[in-house]
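This is what each chain is made of:
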Amino acid sequence: MEVECNFFGPVRDVVGTKTVVCELPVGATVAELVCDLDETYDGLADQLLEREHELAENLVITVDGRNVQQLDGGETELDDGAVVRISPSVGGGG
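Keep in mind the model is a prediction, meaning the values are calculated, not measured.

## Some thoughts on unusual backbone geometry
A positive phi is found at D64, a non-glycine position, where the angle reads about 50°. By secondary structure assignment, the location of D64 is in the loop between β5 (59–63) and β6 (66–67).

## A closer look at a negative patch on the surface
Together, E2, E23, E32, D64, D72, E75, E77, D79 and D80 line one region of the surface with negative charge. Topologically, E2 is positioned in strand β1 (residues 2–7).

## Section: the sheet that holds β1
One open sheet accounts for five strands, arranged β2-β1-β7-β5-β6; its pairing is mixed. Two strands in the sheet have a free side with no partner beyond their single neighbour: β2 (19–23) and β6. Here five bridges tie β5 to strand β7 (residues 83–88), and the two strands are oriented antiparallel to one another. Bridge assignment links I61 to a residue of β7, and that residue is I86. Sitting on the sheet, helix α2 (residues 30–40) is in contact with β1, β2, β5 and β7, with an inclination near 110° to β2.

Conventions and cut-offs
- Residues numbered from 1 in each chain as written.
- Predicted model: local features only at pLDDT ≥ 70, side-chain atom pairs only at ≥ 80, totals over all residues.
- Heavy atoms only, no water.
- Helix = DSSP H or I, 4+ residues; strand = E, 2+ residues; numbered from the N terminus.
- Patch = residues over 30% accessible without salt bridge, like charges linked within 9 Å, V, L, I, M, F, W, Y side chains within 5 Å.
- Areas by Shrake-Rupley, 256 points an atom, 1.4 Å probe, with all protein chains shown as cover.
- Salt bridge = Lys/Arg side-chain N within 4 Å of Asp/Glu carboxyl O.
- Lys, Arg positive; Asp, Glu negative; His and termini not counted.
- Charge placed at Lys NZ, Arg CZ, Asp CG, Glu CD.
- Pairing = 2+ DSSP bridges.
- Contact = heavy atoms within 4.5 Å.
- Axes fitted to C-alpha atoms, helices over the stretch in contact; angles between N-to-C directions.

By themselves, these are just geometric observations and shouldn't be taken as functional.
Written out as structure tokens, the structure is:
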């Protein structure tokens, strides 16, 4: 299956482009996608993962517009044609 990945901020700097299309097995998860991306873009896992392969808390990863932290985190299953966005969290406040 194909999954479109859109990158923002420092993640885009590592990848070198805004969008890539990844080929994954049917039923692949967000965590498997991250591992696949790390094989292609060395050092990417350092930005996307924290201890023991948990998704980094300083990033927002969405699948088809839904934050994976509100779904099943790294175990969120991907569908063919899914759009995954990976961007730094935006803090603000005053």
